[in-house]
Amino acid sequence: YLLAGSKSIKLQVFVDSTHIVKINNNGDTLWTKTVYADLTNWDDGNSIIETENGEIVFIGTIRSKPVFVRMDANANVIVRKKVIFDESKKADPLTIVETDNGNFLYLVHTDSASPLLKLDKNGDVIWKKTFSYKNSIIGVLSILKLDNDKYLLYGGTQTDTREIPMVKTHLL
């Protein structure tokens, strides 16, 4: 199991960093790792997964922009990069899931929508989608991976209907 959270560390200045802990089935700590940003940025970890090949991926923010971090099985950083999909918007990462072909679905929340991004293994955007229901954009809050690369998306809308839309989709 993997756990991730943010903490402030006093170096030359206070730096927010992401702390990752790997535990076994009994809750015993196998290892811990702190992933630092440089002193002009900060990392804030939001969601973490272990991939099919044993690598670790977590998402977070650097200066209110989404970030994708891929690490080896010992939490050594392979890729850390800002995810660029709309330079003008502040975005908060919500969750990430691995697709059957080794890419990732990365859900972010902005002031106006919750776009779903498909990223390759290096964090580059392959596509961006938003979903609508009764002419209102769905603010997707969660992704549930089903089998055969199908997904169930759950969210809400800005309408007064008090309906909770769900979308079942096959995302290529």
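Above this text you will find the structure in question.
Everything quoted here is computed from the prediction, not taken from an experiment.

Explanation requested: the environment of proline 115 in the structure shown.
By secondary structure assignment, the location of proline 115 is in the loop between strand 9 (104–109) and strand 10 (116–119). According to the relative accessible area criterion, proline 115 is buried, its value standing at 3%. The spacing of proline 115 and threonine 130 is 15 residues in sequence and 4.9 Å in space, taken between C-alpha atoms. Residues within four places of proline 115 in sequence aside, it is in contact with Phe85, Tyr106, Leu107, Val108, Thr110, Lys128, Lys129 and Thr130.

Looking at this model, I keep getting lost on the sheet that holds strand 10. Mind explaining?
Two strands in a sheet stick together by hydrogen bonds in their backbones, pointing the same way (parallel) or opposite ways (antiparallel). Taken in spatial order, the four strands make up an open sheet running 8-9-10-11, and their pairing is antiparallel. For this open sheet the edge positions go to strand 8 (92–98) and strand 11 (125–129), each flanked by a neighbour on one side alone. Averaged over all pairs of adjacent strands, the angle between their axes in this sheet comes to 20 degrees, without regard to strand direction. Strand direction decides the pairing type here: strand 8 and strand 9, joined by six bridges, are antiparallel.

How should I be thinking about the environment of tryptophan 127 in this particular structure?
Relative to the helices and strands, tryptophan 127 resides in strand 11. Sequence separation of tryptophan 127 and leucine 105 is 22 residues, and the distance between their C-alpha atoms is 9.8 Å.

What counts and how
Residues numbered from 1 in each chain as written. Predicted model: local features only at pLDDT ≥ 70, side-chain atom pairs only at ≥ 80, totals over all residues. Heavy atoms only, no water. Helix = DSSP H or I, 4+ residues; strand = E, 2+ residues; numbered from the N terminus. Buried < 20%, exposed > 50% of the residue type's maximum accessible area, 1.4 Å probe, protein only. Contact = heavy atoms within 4.5 Å. Pairing = 2+ DSSP bridges. Axes fitted to C-alpha atoms, helices over the stretch in contact; angles between N-to-C directions.

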